[in-house]
Amino acid sequence: MGVPVVRIRVLVVDDHRIFAESLATALAAEPDVDVAAAGSGPAALRCLERAAAEGRGYDVMLVDAELGILAAARGRRAPVPVPRGGQDGPVDGISLVAGVRSGRPSVRTVVLAEKDDPLRAALALQAGASGWVAKDCSLQRLLTVVRGVLRDETHLPPALLTGVLRELTAARKHRTESEELVESLTPREREVLRCMVAGLGRKAVAERLYLSPHTVRTHMQNVLGKLGVHSTLAAVALARRAGVGPVDLEPTRVLAGDVVERSGQLA
């Protein structure tokens, strides 16, 4: 009797149909690879959830670095982070990586990019990606990376290494400075900041924290002043750098996405 082949389950996530179909077809030709394709971030989340429920979770997810940008260009809303419970609009690639890393840490993710971009590569690694690969690389190179990340290796093109290290060092410095500013806030002000990160307006924050709108306005002004910023968007960006997450909101429902299992085509 022969030794059973250990199969690798791969999920390709890309909203460029021709590329996704071609890559899925090429990977499916490998004797030890099972592949599925998802045409959007929400579709990928649904696919991962369904596979896990059936006891056949994915090992590696290949994500387009510009996922969601194509949909936005077609007049749909801009890419957004992945919230708890999924999302029914475009989801950008790096946010999808972060969401999957948080919810399904056993799934390794590799970002596929059309061009070298040290900043986005650094963001991908910070989000939990195990690799960054050029879309024009050979199939054998991609398979080497897929098998490598399953051994807990991190793969980056050599030409990107210096730039990525520089970006990670700068991000660490900015994070430290941002953390110090956030630590200057009172517990109540931090709670208000988390509401701001969640995108809640003054009235919604007041209802959630059982405060008057006037009191919330005062807290928000204090938060901006202590953080040294002049807008809510700037405060949210600084909070994100410091690792401050949003308050828990009611989960949004997950809508069906374009998923076709074990084939090289997107519906």
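Check the entry above for the structure.
Caption draft 1: Structural view of the environment of leucine 150. Here leucine 150 lies in the loop between helix H6 (139-149) and helix H7 (158-183). What makes leucine 150 partly exposed here is its relative accessible area of 34%. In this structure leucine 150 touches Ile8, Asp59, Val60 and Arg108, once residues within four positions along its chain are discounted.

Caption draft 2: View of the nonpolar core. Formed by 29 residues in total, the largest nonpolar core has its most connected members in Leu11, Val13, Met61, Leu96 and Trp132. Elements represented by at least two residues in this core include exactly strand S1 (8-13), strand S2 (33-38), helix H2 (41-53), strand S3 (60-64), helix H4 (93-103), strand S4 (108-113) and helix H5 (118-127). With 6 residues, the single largest contributor to this core is H2. Once residues lying within four places of it in the same chain are set aside, the contact partners of valine 13 are Ala38, Ser40, Ala44, Met61, Leu62, Val63, Asp64, Leu67 and Leu96. Within the second largest apolar cluster, 23 residues are counted, among which are Val182, Cys195, Leu227 and Val247.

What counts as what
- Residues numbered from 1 in each chain as written.
- Predicted model: local features only at pLDDT ≥ 70, side-chain atom pairs only at ≥ 80, totals over all residues.
- Heavy atoms only, no water.
- Helix = DSSP H or I, 4+ residues; strand = E, 2+ residues; numbered from the N terminus.
- Buried < 20%, exposed > 50% of the residue type's maximum accessible area, 1.4 Å probe, protein only.
- Contact = heavy atoms within 4.5 Å.
- Core = buried A, V, L, I, M, F, W, Y, C linked by side-chain atoms within 4.5 Å.

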